[in-house]
Amino acid sequence: MGRIIAIANQKGGVGKTTTCVNLAAALAMNRQRVLLVDLDPQGNATVGVGIDRNAVRLSGYHVLMDEVSVREAVLEAPSGGFDVVPGNSDLTAAEVALMEAESREQHLRRQLARIRDDYDYILVDCPPSLTILTVNALVAAHGVLIPIQCEYYALEGLSALLDTIQRVQQQANRELVIQGLLRTMFDPRNNLANQVGAQLLQHFPRQVYSTLIPRNVRLAEAPSHGVSAIQYDRYSRGSLAYMALASEMIRKDMTAAATA
């Protein structure tokens, strides 16, 4: 059965959506069956794979409201070899409606359970906030991938997310684990980046990915073309880093499954 991974960080601008889109493309290139679920009302992941977020007929809103099954909302990414449940500003309305709904944190989990067997990985792009949308993703997920920009406030912002993960583990999803912490926009020439990276390794020695995502202009340019960086420039430093991340993730998951 597929592994559901929430890509989350309540701090914006850390490369969360970039990670979701490029990791989906990299996993697909490794012959994995991948579904990307855009749960962010900004819909940037949807745009980043070449889908018009304002023109989609069915989106994550309809899935969360149980108006359709998740399978009905799945689209094929125009390039990249993976599937997408698109997101747009309608998700803001879903966020409001879920506050009054019964079992409000379980809606996404019930929906994804229906298609889990169809995929090897289901990646959920969460909004940059700890809202009911993010909680839905955490309740549905097996693991949380946390992109972290190595800057001054990185560890401070991480603590709030870890507290939320712990509460979800205790109250709604005991299977949830930290899939990994991913250092993004990394510049080895920056002393602060190296110091924060060292702190992460000290506090989370088994959970920090060895792969580093560098600052790379191709990663920034690709979304405007509606493709992942891997489709835009496969041999750029950013693309090669996400290919390495996909390989590292697959390898770790296979090792964990073998020892379970």
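Scroll up for the structure.
Residues numbered from 1 in each chain as written. Predicted model: local features only at pLDDT ≥ 70, side-chain atom pairs only at ≥ 80, totals over all residues. Heavy atoms only, no water.

*Asks:* Teacher, can you tell me more about the side chain of Asp-125 here?
*Replies:* If you trace the backbone, Asp-125 turns up in strand 5 (residues 121–125). With near-sequence residues (within four places) excluded, Asp-125 lies in contact with Ile-7, Lys-16, Thr-17, Cys-20, Val-37, Asp-38, Leu-39, Asp-40 and Ala-45. (Helix = DSSP H or I, 4+ residues; strand = E, 2+ residues; numbered from the N terminus. Contact = heavy atoms within 4.5 Å.)

*Asks:* Teacher, can you tell me more about helix 12 (residues 237–259) here?
*Replies:* Residue pairs three or four apart in sequence face the same way in an α-helix, which turns once every 3.6 residues. A rise of 1.5 Å per residue sets the reference length of helix 12, with its 23 residues, at 33 Å; its end C-alpha atoms lie 33 Å apart and thus fit the reference within 8%. Among the residues of helix 12, Gly-238, Ser-239, Ala-241, Tyr-242, Met-243, Leu-245, Ala-246, Glu-248, Met-249, Ile-250 and Asp-253 are the ones counted as buried. (Expected span 1.5 Å × (residues − 1). Buried < 20%, exposed > 50% of the residue type's maximum accessible area, 1.4 Å probe, protein only.)

*Asks:* Explanation requested: empty space enclosed by the protein in the structure shown.
*Replies:* Empty space among the atoms can be located by rolling a probe the size of a water molecule over them. In total, this model carries one cavity of 30 Å³ or more according to the counting rule given. Here the largest cavity defines a volume of roughly 40 Å³. Asn-9, Lys-11, Val-14, Ile-148, Gln-149 and Ala-154 are the residues that line the largest cavity. Of the residues belonging to the lining of the largest cavity, the class tally is three nonpolar, two polar and one charged. (1 Å grid on protein atoms, 1.4 Å probe; cavity = no way out; pocket = protein on both sides within 12 Å on 5 of 7 lines; lining within 4 Å. Points joined across faces, edges and corners; volume = space filled by probe spheres on them. Nonpolar A, V, L, I, M, F, W, Y, C, P; charged D, E, K, R; others polar.)

*Asks:* Got a minute to help me understand the pattern of salt bridges in this structure?
*Replies:* Side chains that differ in sign of charge can pair as their charged atoms come close. With the rule as written, the count across this model stands at 11 salt bridges. A salt bridge links Glu-221 to Arg-218, with the nearest nitrogen and oxygen atoms 2.8 Å apart. Here Glu-221 and its partner Arg-218 are both found in helix 10 (residues 217–221), three residues apart, which amounts to about one turn of the helix. Residue class for Arg-218 comes out partly exposed when judged on its relative accessible area of 29%. For the salt bridge of Lys-252 with Glu-248, the shortest nitrogen-to-oxygen distance reads 3.6 Å. Residue Lys-252 and its partner Glu-248 are both found in helix 12; the two are separated by four residues, about one turn of the helix. By relative accessible area, Lys-252 is classed as partly exposed at 33%. Through salt bridges with shared partners, a single ionic network connects Lys-16, Asp-40 and Asp-125. (Salt bridge = Lys/Arg side-chain N within 4 Å of Asp/Glu carboxyl O.)

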